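So you can see what is in the structure, the chains are spelled out below.
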Amino acid sequence: MKSYVLAFSLAAFPAIICAQQADPCAGLGGSALGQCRGDQQKLQQLQLEKQQEQLQQQQERQNQLAEQQRQMQQMLENMRTQNELLQKQMEHDRSAYQPVKASAVDYSKSPEIKSWKSDNPWYGTDYAKTEFAMRYAKQLQHEQPDLVGRPFLDAVSEKVKDTFGAGK
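Report on the accompanying structure. These numbers were taken from a predicted model, which means no experiment stands behind them. Along each chain, the written sequence defines residue order, and numbers are assigned to residues from 1. Confidence filtering applies because this is a predicted model: local features only for residues at pLDDT of at least 70, side-chain atom pairs given and counted only at 80 or more, and all residues used for totals across whole chains, interfaces and linings. Side-chain metrics in this entry use all non-hydrogen atoms of the structure; hydrogen atoms and water are not considered.

## Considering the packing of helix 4 (residues 127–143) against helix 5 (residues 149–164)
Orientation is described by axes fitted as lines to C-alpha atoms, over the contacting stretch for helices, and by angles from 0 to 180 degrees between their N-to-C directions. Numbering of helices and strands runs from the N terminus; a helix is a DSSP stretch of H or I covering at least four residues, while a strand is a stretch of E covering at least two. Their axes nearest at 9 Å, the elements helix 4 and helix 5 cross at an angle of 130°. Regarding the angle of helix 4 to helix 5, the classification is oblique. As helix 4 packs across helix 5, the resulting crossing turns out to be right-handed. Counting all contacts with helix 4, which are made through Ala128, Lys129, Phe132, Ala133, Tyr136, Ala137, Leu140 and Gln141, the residues of helix 5 involved are Phe152, Ala155, Val156, Lys159, Val160, Thr163 and Phe164. Gly falls in the polar group here, along with every residue not listed as nonpolar (Ala, Val, Leu, Ile, Met, Phe, Trp, Tyr, Cys, Pro) or charged (Asp, Glu, Lys, Arg). Its residues assigned to classes, the contact of helix 4 with helix 5 shows eleven nonpolar, two polar and two charged. Oblique is the label for any angle not under 35 degrees, not over 145, and not in the 65 to 115 range, which are roughly parallel, roughly antiparallel and roughly perpendicular in turn. Crossings are sorted by hand: turned counterclockwise from the far helix by less than a right angle, the near helix makes the crossing left-handed, and turned clockwise it makes it right-handed. For this analysis, residues touch if any pair of their heavy atoms sits within 4.5 Å.

## Notes on the pattern of salt bridges
A side-chain nitrogen of Lys or Arg and a carboxyl oxygen of Asp or Glu constitute a salt bridge if their distance falls within 4 Å. The full count for this structure, using the stated rule, is five salt bridges. The partner of Glu67 in a salt bridge is Arg70, with the nearest N and O atoms 2.8 Å apart. Taken as a pair, Glu67 and Arg70 lie in helix 2 (residues 30–97) at a separation of three residues, close to a single helical turn. For every residue, the accessible area obtained with a 1.4 Å probe (protein chains only) is divided by the maximum for its type, and the residue is called buried under 20%, exposed over 50%, and partly exposed between those limits. The class for Glu67 is partly exposed, based on a relative accessible area of 34%. Overall, Arg70 belongs to the partly exposed group, its relative accessible area being 44%. Residues Asp119 and Arg150 are paired through a salt bridge, measuring 2.6 Å at the closest nitrogen-oxygen approach. Of the two residues, Asp119 is situated in helix 3 (residues 111–119) and Arg150 in helix 5; the sequence distance between them amounts to 31 residues.

## Topic: the packing of aromatic side chains
Two rings from Phe, Tyr or Trp (for Trp, the six-membered ring) form a pair when their centres are within 6.5 Å of each other. A pair whose planes differ by under 30 degrees is stacked, one over 60 is edge-to-face, and the rest are tilted. With the rule as written, the count across this model stands at five aromatic pairs. Geometrically, the ring pair formed by Trp116 and Tyr123 is edge-to-face, given 5.3 Å between the ring centres and 70° between the ring planes. Judged by its relative accessible area of 26%, Tyr123 is partly exposed. Taking 6.4 Å as the distance between ring centres and 5° as the angle between the ring planes, the aromatic pair formed by Phe132 and Tyr136 counts as stacked. Linking Phe132 with Tyr136, this pair stays in helix 4, spanning four residues, or about one helical turn.

Following this line, the structure appears as structure tokens:
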């Protein structure tokens, strides 16, 4: 029986130690116990308030980051839109100002050109008329790409006559 009481006492002793560690007010009595419990409640309240404050700060920071992300996404979308508009404008500008491709065929020796040159002796001898004709020919090719051959050449010579007069 003594060994049974001793075993029971030894088994209960660690439980009492654990209980005292879990409850710092254990073993106190009277006003000291009331004071201790009040201090413990204040401590727990302060810890809870601190945790709530930290949680609130984290929430505010998360809201700030979400707003920054929204602003960055809006800026990115604006940049994409601007990029698309610039690309469309560049494509439009390229198509509007694309030079007419010169063909690999040398038309200067064709009978049509020889005939036109004999009808327009100013070509190659009068610098101003020749330069004007060359520039107008480029413009006319751009404006009327289907106009070719003798009708094209006659349109150029007609424009030169209208601009410079019917002399020479």
